[in-house]
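So the chains spell out like this:
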Amino acid sequence: MKKIYSLLVLIAVLFSSCLSVFAAPAETDFAAMEYVHYDPSHYYSLLEGVEKQCQDSANGSAVADMFRQALICHRDMTTFYTLSYIRHCMDGENEYYNQEYAYSSETLLNMKAKLLSAGAALFASPCAAEAETAVGNEIATLFQNAEAPTEKLLTLMAKEQQLVQQYEIASLSQQAQRTETLGQIYVALLKVRDDIAAEHGYKSYAEYAYERVYERDYTPEMIQTLSAEATNAMSVCLNEFAELAADTDFHAVERYGASASTERMLSDVRAGLEALSPALTEAYDYMLKHGLYDLKYADKKLDMGYTTRLEAYGAPFMFNQPARSFYDVMTLVHEYGHYNSYYRQPALYGLTDIALDVAEIQSQALELLFMPQYRFLFDQLSAVRAAKIY
């Protein structure tokens, strides 16, 4: 699966808890979701009020209400950020959304830092109990355990995001010096990420990312042991593949990937999901009904695939620039594993934690479970066999 590492990941690692309050997805079409150039002035004034007044328990009710309002502002800004990012991905040459994506990225980063600072002060103050009653124990715990980033770290993270965006836009270029330009951006990005790791006390970005971005709950040594066991088991899989390969039609698989319309692919995959489990179609039908996806090829789309969520609506969104091969089917199924999870996953105010390993179980497991359903895509068993090997 094509991956992205954007501010959505970077800001998530500032928090260490996943919320469990579910907001039902809104019955709103994606086309009706309006992007707004958000002015955070009111948000900052709310949080300044929280910090100034939270040391007096007599202000508990007012402080709790201000903090709750600030959380709603943060949720809305998270939504505007996501909208700007999706529309930037839809057309990497759209100057308006390129600029708005850059603006919303940096704005959200600074808003997050201020929220961490104010939340830490609030939940260590005489108003903590009343605030916890207003927003819930999990949010209170989240802010008690969080640390606001330093000014240096904020600057580095903003620079990182700028370089990522430059790389995305440069990747669309057809100019002869494209490779050289991408290489220069990449080298600069490596330097910034090494500085981010050093600011956190790590020797390398790889060590930092392992713990703080991917949030692994196992060591590299543990995964090496698992890898060795998987390697031993692979011989069995290879024998099974050899048996399958005796009667396969890879041409049919290639033809489907190259020629099947997005509409046909969506319909075929839905049939397979329904056969696998009717419950799997609820989020899928919601996605189709409200146009919460962009899966068609376009020259100006960024070359990536991902699923995200528009927090104010509780609505997931799926994006993919198709490769026009059978990988597009695999990506659709994989990303729907994420989509279904987002549809049902608890979230509030845009304060979500990303457990990437768990998320990949949801998506990759669905790929495996869906394999028998390739029969809904092909009439011939030889093509079904080929698709499984593919």
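Above: the structure in question.
These numbers were taken from a predicted model, which means no experiment stands behind them.

1. Section: the packing of helix 14 (residues 327-344) against helix 15 (residues 356-370)
Next up, step 1: For the pair helix 14 and helix 15, the least separation of the axes is 8 Å and the interaxial angle reads 130°. Comparing their axes, helix 15 and helix 14 come out oblique. Relative to helix 15, helix 14 is oriented so that their crossing is right-handed. Touching Met 330, Val 333, His 334, Tyr 336, Gly 337, His 338 and Ser 341 of helix 14 are Ala 359, Glu 360, Gln 362, Ser 363, Gln 364, Leu 366, Glu 367 and Phe 370, all from helix 15.
Next up, step 2: By residue class, the composition of the contact of helix 14 with helix 15 is six nonpolar, seven polar and two charged.

2. Let's talk about the pattern of salt bridges
Next up, step 1: Evaluated as defined, the whole model comprises 16 salt bridges.
Next up, step 2: The shortest N-O distance in the salt bridge between Glu 199 and Lys 152 comes to 3.7 Å. In this pair, Glu 199 sits in helix 8 (residues 178-199) while Lys 152 sits in helix 7 (residues 151-170), placing the two residues 47 residues apart along the sequence.
Next up, step 3: Residue classification places Glu 199 among the partly exposed residues on the basis of a relative accessible area of 30%.
Next up, step 4: Relative accessible area serves as the criterion here: at 52%, Lys 152 is assigned to the exposed category.
Next up, step 5: Taken together, the salt bridges that share partners define one network made up of Arg 270, Glu 274 and Asp 285.

3. Focus on the side chain of Glu 100
Next up, step 1: Its place among the elements puts Glu 100 in helix 4 (residues 95-122).
Next up, step 2: Buried charge without a salt bridge: Glu 100, with Arg 87 as the nearest opposite-charge side chain at an N-O distance of 10 Å.
Next up, step 3: In this structure the side chain of Glu 100 is engaged in a polar contact, spanning 2.6 Å, whose partner is the side chain of His 37.
Next up, step 4: Aside from chain neighbours lying at most four places away, what touches Glu 100 is Tyr 35, His 37 and Ser 84.

Rules behind the numbers
- Residues numbered from 1 in each chain as written.
- Predicted model: local features only at pLDDT ≥ 70, side-chain atom pairs only at ≥ 80, totals over all residues.
- Heavy atoms only, no water.
- Axes fitted to C-alpha atoms, helices over the stretch in contact; angles between N-to-C directions.
- Helix = DSSP H or I, 4+ residues; strand = E, 2+ residues; numbered from the N terminus.
- Parallel < 35°, antiparallel > 145°, perpendicular 65-115°, else oblique.
- Left-handed = near helix turned anticlockwise from the far one by under 90°.
- Contact = heavy atoms within 4.5 Å.
- Nonpolar A, V, L, I, M, F, W, Y, C, P; charged D, E, K, R; others polar.
- Salt bridge = Lys/Arg side-chain N within 4 Å of Asp/Glu carboxyl O.
- Buried < 20%, exposed > 50% of the residue type's maximum accessible area, 1.4 Å probe, protein only.
- Lys, Arg positive; Asp, Glu negative; His and termini not counted.
- Polar contact = N/O pair within 3.5 Å; in protein donor to acceptor, adjacent residues only side chain to side chain.

So, to be careful, I would describe these as geometric facts and stop short of saying anything about function.
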